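# Observations on chain architecture
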Amino acid sequence: MKALPADESLTGEIIRHDFSGFCPDTRIRLIREVLEEATGDSLGNSRIIIGVGRGVKTPALVERIRRWAAQIGAVVAGSRAAVEAGLIEAHKQVGQTGHTIAPDLYVAIGISGQIQHTAAITGAKKIIAINPDCNAPIFHVADYGWVTTTEEALSQLTGEAI
Ligand SMILES: Cc1cc2nc3c(=O)[nH]c(=O)nc-3n(C[C@H](O)[C@H](O)[C@H](O)COP(=O)(O)OP(=O)(O)OC[C@H]3O[C@@H](n4cnc5c(N)ncnc54)[C@H](O)[C@@H]3O)c2cc1C
């Protein structure tokens, strides 16, 4: 989210609550805590973000996208479906239950464009969508659309055959 300019005329009152007797719902049990390894590249500071969707299908293709991203100074993120498929780390999820992003360029590869995803990308200055289904809703929010597969797009973008 972009911060609004500070409004010095606003005032407020701080109300302090005492939670010392707070008892969480006993039906909730902490089974274990898992620390996720986060890399240094942040979605908040990235000017170019490449979004990977379930349509990218394989870790090998995600790896190809990561190599291309490194060449163009982009950070790789993904849809919830890509996170659930184990293609993208959970802390790089874009969407309603992930990050809202506002890069200069967002390249959505293999992402259908459901509202829970697109609601979080409309702050991008330009959106390019790559998807073989010309009826995919992502094309309604994209500035540029490329109706093709991940494999074909990557071989043209990187010059390497898949
Ligand atoms: C409460 C709630 C919260 C949610 N929060 C989020 C959220 O934060 N973020 C989020 O992303 N989703 C969220 N979702 C899920 C969302 O509704 C979609 O299910 C999800 O975004 C779909 O991800 P996807 O586009 O990667 O996968 P899919 O919808 O499965 O789309 C895959 C796309 O890949 C294309 N494709 C197929 N083959 C290829 C190929 N060879 N190359 C390239 N493309 C190909 C297909 O044409 C298709 O359009 C949420 C849902 C709910 C109910």
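Before going into details, it helps to say that this report is about the structure given with it. The model shown is predicted, which means the values in this text are computed figures rather than measured ones. Note on numbering: residues in each chain are counted from 1, in written sequence order. A pLDDT threshold of at least 70 governs which residues receive local features in this predicted model, and a stricter bar of 80 or more applies before side-chain atom pairs are shown or counted, although totals over entire chains, interfaces and linings include all residues. Each side-chain value is worked out from all heavy atoms of the structure, with water and hydrogens disregarded.

## With respect to the overall build of the chain
The criterion, for reference: The helix and strand labels rest on DSSP assignments: H or I over at least four residues marks a helix, E over at least two residues marks a strand, and numbering proceeds from the N terminus. Both definitions apply: the radius of gyration is a C-alpha atom measure, and the globule rule equals 2.2 Å times residues to the power 0.38. Only protein chains enter the calculation, and the probe is 1.4 Å; a residue is then buried if its accessible area is under 20% of its type maximum, exposed if over 50%, and partly exposed in between. Any two residues whose heavy atoms approach within 4.5 Å are treated as being in contact. Where accessible areas are quoted, they stem from the Shrake-Rupley method and a 1.4 Å probe; at the residue level, only the protein chains shown are allowed to cover. The convention is simple: Lys and Arg are positive, Asp and Glu are negative, and His and the chain ends are not counted. For this purpose, a charge sits on NZ of Lys, CZ of Arg, CG of Asp or CD of Glu.
When you go through the chain residue by residue, the secondary structure sums to five helices and five strands. Mapped from its N terminus to its C terminus, the chain presents α and β elements in the order β-α-β-α-β-α-β-α-β-α. Relative to its length of 162 residues, the chain is extended, with a C-alpha radius of gyration of 19 Å against a globular reference of 15 Å. In terms of overall dimensions, the chain has C-alpha extents of about 65 × 45 × 30 Å along its principal axes. The buried share among the 162 residues of the chain stands at 35%. Once local pairs closer than 6 in sequence are excluded, the contacts in the chain between residues at least 24 apart make up 48%. For the chain, the exposed area adds up to about 11,100 Å²; of that, 54% sits on carbon and sulfur atoms. Computing the positive centroid from 15 side-chain charges and the negative centroid from 18, the chain places the two 4 Å apart.

## As for the nonpolar core
For the record, the criterion: Only buried Ala, Val, Leu, Ile, Met, Phe, Trp, Tyr and Cys residues count toward a nonpolar core, and they belong to the same one when joined by side-chain atoms within 4.5 Å.
Among the nonpolar cores identified, the biggest contains 19 residues, and Ile-50, Val-52, Val-56, Ile-65, Ile-88 and Ile-109 are the most heavily contacted of them. Elements represented by at least two residues in this core include exactly strand 1 (48-52), helix 1 (59-72), helix 2 (80-84), strand 3 (105-109) and helix 5 (150-158). If sequence neighbours within four positions are ignored, Ile-65 has contacts with Ile-50, Val-52, Val-56, Val-76, Ile-109, Thr-150 and Leu-154. Ranked by size, the runner-up nonpolar core spans 18 residues in total, among them Ile-49, Ala-108, Ala-120 and Ala-136.

## Focus on the packing of aromatic side chains
Short version of the rule: Any pair of Phe, Tyr and Trp rings, taking the six-membered ring for Trp, is counted once the centres come within 6.5 Å. Such a pair is stacked with planes under 30 degrees apart, edge-to-face with planes over 60 apart, and tilted for the rest.
Scanning all chains against the criterion turns up one aromatic pair. Considering the side-chain rings of Phe-19 and Phe-22, the 6.4 Å spacing of their centres and the 90° angle between planes classify their relative orientation as edge-to-face. Overall, Phe-19 belongs to the exposed group, its relative accessible area being 61%. Of the residues examined, Phe-22 reaches a relative accessible area of 60% and is grouped as exposed.

## Overview of the sheet that holds strand 4 (residues 126-130)
As a reminder, the rule being used: Pairs of strands are assigned from DSSP output, requiring at least two bridges between the strands. A fitted line through C-alpha atoms represents every axis, and for helices the fit uses only the stretch in contact; the resulting angles, taken between N-to-C directions, go from 0 to 180 degrees.
The five strands lie next to each other as 2-1-3-4-5, forming an open sheet whose pairing is parallel. Whereas interior strands pair on both sides, the edge strands pair on one side only; in this sheet they are strand 2 (75-78) and strand 5 (144-146). When strand polarity is set aside, the average angle formed by the axes of neighbouring strands in this sheet is 20°. Relative to strand 2, strand 1 runs parallel, the two sharing four bridges. Each bridged residue has a counterpart across the sheet, and for Ile-49 the counterpart in strand 2 is Val-75. Set on the sheet, helix 1 makes contact with strand 1, strand 2 and strand 3; between it and strand 1 the angle comes to about 175°.

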